[in-house]
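Next come the chains, spelled out residue by residue.
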Amino acid sequence: MKKKIAFIINPKSGTSGKKELPELIREVIDDKWEKPTITFTEYAGHGYELAKVFVKENYDVVVACGGDGTMNEIASGLVHSDTAFAIVPYGSGNGLARHLGYSMTPRLALMQINHGNEMVIDYGIVNNKKFFCTCGTGFDAHISHSFATTKKRGFLSYLKIIVKEYFGYHSNFYKINLDCFSFSRRAFLVTFANASQYGNMAYIAPHASTQDGVMDICILDTFPIYSIPKLAYLLFKKQIDKSRHISILRAKSATLIRENEGEFHIDGEAVNLGKEIHVEIVHNGLKIII
């Protein structure tokens with residue numbers, strides 16, 4: 001019996017157009033599938049709504065075609081269902097897709113979906129909002145908010161914002177409560193990682209696993225400007241844990257308390273949250289194609 005597959009395309013995500021994607025899908029998806037259903041999102045939250053419909057219609061696989069925000073919307077609609085999730089990456093960072101090994105070339109990603117196997121991964125909840133890759137506060141959240149206001153997408157635009165914003169950014173004071181103990185410290189950023197990277201092969205949590213039932217809590221201290229080249233090298237070489245400026249803890253849940261409410265990011269998307277933020281991992285919550 002052939003399986004049912006649906007593609008949800010965000011026409012606005014990333015830097016490349018997707019006009020030819022429906023034709024490519026029909027060309028590459030093989031005959032083990034029924035004729036693929038192809039839909040386009042029309043507004044924020046539409047991906048989530050479409051995913052819930054496809055679950056009710058007993059689709060075997062729903063594929064997110066877009067960036068990390070699109071991925072988050074669609075995966076959020078599939079958790080704890082029998083419908084598996086897959087990705088054709090089109091975003092600026094593609095953190096979860098890269099962590100899971102998806103090709104950044106659409107044709108190859110579609111071939112991976114044809115020949116992939118099912119597995120189950122964890123996801124996170126932060127103040128009742130789901131995340132699948134990373135979330136956090138501090139400088140990375142500040143950059144997410146700045147990036148959200150620019151019209152230009154892509155890695156170079158992201159890098160320009162990082163350089164511009166670094167010199168005016170001030171670290172904040174945080175208290176973190178874990179199951180067994182609490183501590184307070186000033187930090188440049190605090191990232192909660194289900195997967196290993198932000199995107200663009202920037203590994204903030206090099207040893208994070210989407211299947212271990214815990215998150216990696218990455219706390220980067222304030223650092224001198226001369227440390228930037230080495231930190232950048234370690235970040236992209238998947239060795240940031242070797243820096244003396246970072247601490248990485250593992251926990252199933254944590255509560256972060258900060259001085260002021262405001263900037264936060266969830267899978268790279270800018271949001272505003274309060275002073276107290278609760279984060280936890282839900283084990284084996286999402287079926288995926290890998």
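Scroll up a little and you will see the structure.
All of these numbers come straight from a predicted model, not from anything done at the bench.

J.: Give me the lowdown on the overall build of the protein chain, citing residues and values where you can.
T.: A count of helical and extended segments in the protein chain gives 8 helices and 16 strands. Taking 2.2 N^0.38 as the reference for a compact globule, 290 residues should give roughly 19 Å; the C-alpha atoms of the protein chain span a radius of gyration of 19 Å, in line with that estimate. Each of the three principal axes of the protein chain carries a C-alpha extent, and together these read 55 × 40 × 30 Å. The proportion of buried residues among the 290 residues of the protein chain is 54%.

J.: I'd like a rundown of the side chain of serine 171, residues and numbers included.
T.: Residue placement: serine 171 occurs in the loop between α7 (155–166) and β8 (172–177). Serine 171 gets classed as buried once you look at its relative accessible area, which sits at 14%. Leave out the neighbours within four places in its chain, and serine 171 touches Arg186, Ala187, Phe188 and Thr222.

J.: How would you sum up the sheet that holds strand β15 (residues 269–273)? Please name residues and give values.
T.: Across the sheet, 6 strands lie side by side as β12-β11-β10-β7-β14-β15; this open sheet has antiparallel pairing. Among the strands making up the open sheet, the edge pair consists of β12 (246–251) and β15. Geometrically, the sheet is characterised by an average inter-axis angle of 20° between neighbouring strands, direction not taken into account. Direction of pairing for strand β7 (residues 134–138) relative to strand β10 (residues 189–193): antiparallel, over a ladder of 5 bridges. Residue pairing in the sheet places cysteine 135 in a bridge with phenylalanine 192 of β10.

J.: Summarise the packing of aromatic side chains; cite the residues concerned and give the values.
T.: Scanning all chains against the criterion turns up 7 aromatic pairs. With centroids separated by 5.8 Å and ring planes inclined at 35°, the aromatic side chains of tyrosine 123 and phenylalanine 132 adopt a geometry described as tilted. Of the residues examined, tyrosine 123 reaches a relative accessible area of 4% and is grouped as buried. In this structure an aromatic cluster arises from ring pairing among Phe139, Tyr169, Phe188 and Phe223.

J.: Break down the environment of threonine 134 for me, citing the residues and quoting the values.
T.: Here threonine 134 shows up in strand β7. Judged by relative accessible area, which is 2%, threonine 134 ranks as buried. Through-space distance from the C-alpha of threonine 134 to that of lysine 52 is 23 Å; in sequence the pair is 82 residues apart. Other than its neighbours up to four places away in sequence, threonine 134 contacts Thr191, Phe192, Ala193, Ala195, Gln197, Tyr198, Ile204, His265, Ile266, Asp267 and Gly268.

J.: Go over a nonpolar patch on the surface, please, and point to the residues and values.
T.: Residues Phe167, Ile225, Tyr226 and Ile228 make up a contiguous nonpolar surface patch of roughly 460 Å² in combined accessible area. Structurally, tyrosine 226 can be placed in the loop between β11 (215–220) and α8 (228–236). The exposed category is assigned to tyrosine 226, whose relative accessible area is 63%.

J.: Lay out the pattern of salt bridges in plain terms, naming residues and giving numbers.
T.: One pass over the structure, following the stated rule, counts 4 salt bridges. Measuring nitrogen to oxygen at the nearest pair gives 3.0 Å for the salt bridge that ties arginine 107 to glutamate 27. Taken together, the residues arginine 107 in helix α5 (residues 106–115) and glutamate 27 in helix α1 (residues 21–28) connect sequence positions 80 residues apart. Take arginine 107: its relative accessible area is 36%, and that puts it in the partly exposed class. The exposure class assigned to glutamate 27 is exposed, which follows from its relative accessible area of 52%.

J.: Any details on the environment of asparagine 72? Residues and values, ideally.
T.: Mapped onto the secondary structure, asparagine 72 falls in helix α3 (residues 68–76). As for asparagine 72 and leucine 96, which are separated by 24 residues in sequence, their C-alpha atoms are 9.5 Å apart. In contact with asparagine 72, not counting residues within four places along its chain, are Lys130, Phe131, Phe132, Ile266 and Asp267. Within the local environment of asparagine 72, its side chain forms a polar contact with the side chain of aspartate 267, the two groups lying 2.7 Å apart.

J.: Describe the nonpolar core, listing the residues and the values that go with them.
T.: Ranked by internal contacts, the top residues of the largest apolar core, which has 47 residues, are Val63, Phe85, Leu96 and Leu286. Look past the residues within four positions of valine 63 in its chain and what remains in contact with it is Ile5, Ala6, Phe7, Ile8, Ala86, Ile87, Val88 and Ile113. With 42 residues, the next largest nonpolar core counts Ala187, Ala205, Leu256 and Leu273 among its residues.

J.: Tell me what's going on with the packing of α1 against α5, and back it up with residues and numbers.
T.: Packing of α1 against α5 leaves a shortest axis separation of 10 Å and a crossing angle of 40°. When the interaxial angle is binned, α1 and α5 end up oblique. Of the two possible hands of crossing, α1 and α5 adopt the one that is right-handed. Counting all contacts with α1, which are made through Leu24, Ile25, Glu27 and Val28, the residues of α5 involved are Pro106, Arg107, Leu110, Met111 and Asn114. Per-class residue counts for the contact of α1 with α5 are 6 nonpolar, 1 polar and 2 charged.

Conventions and cut-offs
Residues numbered from 1 in each chain as written. Predicted model: local features only at pLDDT ≥ 70, side-chain atom pairs only at ≥ 80, totals over all residues. Heavy atoms only, no water. Helix = DSSP H or I, 4+ residues; strand = E, 2+ residues; numbered from the N terminus. Rg over C-alpha atoms; globule rule 2.2 N^0.38 Å. Buried < 20%, exposed > 50% of the residue type's maximum accessible area, 1.4 Å probe, protein only. Contact = heavy atoms within 4.5 Å. Pairing = 2+ DSSP bridges. Axes fitted to C-alpha atoms, helices over the stretch in contact; angles between N-to-C directions. Phe/Tyr/Trp six-rings, centres within 6.5 Å; stacked < 30°, edge-to-face > 60°. Patch = residues over 30% accessible without salt bridge, like charges linked within 9 Å, V, L, I, M, F, W, Y side chains within 5 Å. Areas by Shrake-Rupley, 256 points an atom, 1.4 Å probe, with all protein chains shown as cover. Salt bridge = Lys/Arg side-chain N within 4 Å of Asp/Glu carboxyl O. Polar contact = N/O pair within 3.5 Å; in protein donor to acceptor, adjacent residues only side chain to side chain. Core = buried A, V, L, I, M, F, W, Y, C linked by side-chain atoms within 4.5 Å. Parallel < 35°, antiparallel > 145°, perpendicular 65-115°, else oblique. Left-handed = near helix turned anticlockwise from the far one by under 90°. Nonpolar A, V, L, I, M, F, W, Y, C, P; charged D, E, K, R; others polar.

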